[in-house]
Amino acid sequence: MSRTRDACRLDCPAQQGLPGGCGNCPDGDGYPPTRPRHPAQLPVLFGGRAVDLSSIRGELAARGIAVIEDAAHAFGSRNGARRVGATGDLTCFSFGPIKNLTCGQGGIVIPRSDVEAATLRRIRMLGVVQSQAERAQTTRYGVEGFGLRYQMSGINAAIGLAQLPHFEKTETIRRSLWRAYRRALAGLDGVTLVDVDPDRSVPHLCQVRIPHRDEVHAQMKACGIGVGVHYPPNHLQPAFAEWRRDLPATERVGREIPDATFHQHLTEADIGQVVTALGRALKTAGAAPCARS
């Protein structure tokens, strides 16, 4: 969440005076200015919500700061009239098993130029310059720098291509299910739904802020409800210890948020079961586990 907050600070509903905010940028934690040694801003399109950078694009350009969108959650979402990935920024999508569109595993990067495209192709194939088809026609090939084995297999690509014609149905279902959660959760005291702007976004997560998150999470798991946590604050992870600083608001919100069960094969009856279990857990934290239905 810390990384999400550092990115989302560029476009936070709370900062723009909108009610409720998005939950990604809790008030109370200050942000250091972007330093000249940082050549890029990485807005995280968390939960599927697009980030509108139009108000600061001039400043970013003047300071030579590139924008790299982390759109792992946001395939299909819109930024204004355009889909995420069509805004002209370097954009990264994930097509993992639970994403809005899946290839089983893998992802894509939308480059801004032919030079970036060539660089990405080289890096994804162990630094090799020639394509597989070109290498098949010769006895030599060139490795020009650092590379990784990140190419997507034909099988994974076929899985994604088979789903693509049906994506309009997928986004309609995800929006409908998120709104069903919003209606069902409205009757629960002490629950705040994290808004992902479903009119423009294709929701990837459904998250709430609640008291006693860990106890509620344990009780719902005991009831057979698939809940999770995305994500523990990054600045508390050992890997980031060198850069850690106090972020009390982030840490507070990080203790409050679980994910409700959310995928496109849910029914409204399933959502009712999840919300009922959540309401029961909020009232009976510490009580004996409930029976599976």
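Look up: the structure comes first, before these words.
Report on the accompanying structure. (Residues numbered from 1 in each chain as written. Predicted model: local features only at pLDDT ≥ 70, side-chain atom pairs only at ≥ 80, totals over all residues. Heavy atoms only, no water.)

1. So, the overall build of the chain
Right, on to step 1. Counting its secondary structure elements, the chain contains nine helices and eight strands.
Right, on to step 2. Classification of the 293 residues of the chain by burial places 42% in the buried group.
Right, on to step 3. If you take every contact in the chain between residues at least 6 apart in sequence, the share linking residues at least 24 apart comes to 62%.
Right, on to step 4. If you sum the accessible surface of the chain, you get close to 16,000 Å²; carbon and sulfur atoms cover 55% of it. (Helix = DSSP H or I, 4+ residues; strand = E, 2+ residues; numbered from the N terminus. Buried < 20%, exposed > 50% of the residue type's maximum accessible area, 1.4 Å probe, protein only. Contact = heavy atoms within 4.5 Å. Areas by Shrake-Rupley, 256 points an atom, 1.4 Å probe, with all protein chains shown as cover.)

2. Some remarks on the environment of glutamate 171
Right, on to step 1. Secondary-structure assignment places glutamate 171 in helix α6 (residues 167–185).
Right, on to step 2. Since its relative accessible area comes to 6%, glutamate 171 is described here as buried.
Right, on to step 3. Sequence spacing of glutamate 171 and proline 203 is 32 residues, and the spatial spacing of their C-alpha atoms is 7.9 Å.

3. Details of the pattern of salt bridges
Right, on to step 1. All told, the structure shown has eleven salt bridges when counted by the stated rule.
Right, on to step 2. For aspartate 199, the salt bridge goes to arginine 179, with nearest N and O atoms at 2.7 Å. Placement of the pair is aspartate 199 in the loop between β7 (192–193) and β8 (208–209) and arginine 179 in helix α6, with a sequence separation of 20 residues.
Right, on to step 3. Residue classification places aspartate 199 among the exposed residues on the basis of a relative accessible area of 62%.
Right, on to step 4. A salt bridge links glutamate 268 to arginine 183, with the shortest nitrogen-to-oxygen separation between them at 3.5 Å. Residue glutamate 268 is found in helix α9 (residues 268–283), and its partner arginine 183 is found in helix α6; the two are separated by 85 residues along the sequence.
Right, on to step 5. The exposure class assigned to arginine 183 is exposed, which follows from its relative accessible area of 52%. (Salt bridge = Lys/Arg side-chain N within 4 Å of Asp/Glu carboxyl O.)

4. Focus: helix α7 (residues 213–222)
Every α-helix carries 3.6 residues per turn, so stepping three or four residues along brings you back to the same face.
Right, on to step 1. All of the buried residues along α7 are Arg213, Val216, Gln219 and Met220. Seen from one end, α7 has its buried residues packed into an arc of 130°, which puts them on one side.
Right, on to step 2. Check the buried side of α7 and you find it contacts α8 (248–254) and α9.
Right, on to step 3. Of the residues one or two after α7, glycine 224 is the one with positive phi, at around 80°. (Arc of directions from axis to C-beta.)

5. Considering the packing of α6 against α9
Right, on to step 1. Close contact between α6 and α9 brings their axes to 10 Å; oriented N to C, the two are set at 40°. Note that α6 runs across α9; the crossing there is right-handed. Touching Leu177, Ala180, Tyr181, Arg183, Ala184 and Leu185 of α6 are Glu268, Ile271, Val274, Val275 and Leu278, all from α9.
Right, on to step 2. The residue makeup of the contact of α6 with α9, split by class, is nine nonpolar, no polar and two charged. (Axes fitted to C-alpha atoms, helices over the stretch in contact; angles between N-to-C directions. Left-handed = near helix turned anticlockwise from the far one by under 90°. Nonpolar A, V, L, I, M, F, W, Y, C, P; charged D, E, K, R; others polar.)

6. Remarks on the side chain of serine 77
Right, on to step 1. Of note, serine 77 is situated in the loop between β2 (66–70) and β3 (78–79).
Right, on to step 2. What makes serine 77 buried here is its relative accessible area of 0%.
Right, on to step 3. Among the polar contacts made by the side chain of serine 77, one reaches the main-chain carbonyl oxygen of glycine 48 at a distance of 2.6 Å.
Right, on to step 4. Look past the residues within four positions of serine 77 in its chain and what remains in contact with it is Gly48, Arg82, Arg83, Val84, Arg200, Ser201 and Val202. (Polar contact = N/O pair within 3.5 Å; in protein donor to acceptor, adjacent residues only side chain to side chain.)

7. Section: the pairing of β2
Right, on to step 1. Burial along β2 is one-sided: Val67 and Glu69 are buried, while Ala66, Ile68 and Asp70, pointing the other way, are not.
Right, on to step 2. Sheet topology note: the strand β1 (residues 40–41)/β2 ladder contains two bridges and is parallel. In the strand pairing of β2, alanine 40 is matched with alanine 66.
Right, on to step 3. For the crossover that starts at β1, traverses helix α2 (residues 57–62) and ends in the parallel β2, the hand is right-handed.
Right, on to step 4. Both β2 and strand β5 (residues 90–94) contribute to a ladder of three bridges, which runs parallel. Note on β5: the bridge partner recorded for isoleucine 68 is leucine 90. (Pairing = 2+ DSSP bridges. Right-handed = clockwise from strand over helix to strand, strands pointing away.)

8. Section: the packing of aromatic side chains
Right, on to step 1. Overall, the coordinates contain six aromatic pairs when judged by the stated rule.
Right, on to step 2. Note on phenylalanine 46 and tyrosine 231: the rings are 5.9 Å apart at their centroids and 65° apart in plane angle, and the pair reads as edge-to-face. Here tyrosine 231 lies in the loop between α7 and α8 and phenylalanine 46 lies in the loop between β1 and α2, a separation of 185 residues in the sequence.
Right, on to step 3. Residue tyrosine 231 is classed as partly exposed on the basis of its relative accessible area, which comes to 36%. (Phe/Tyr/Trp six-rings, centres within 6.5 Å; stacked < 30°, edge-to-face > 60°.)

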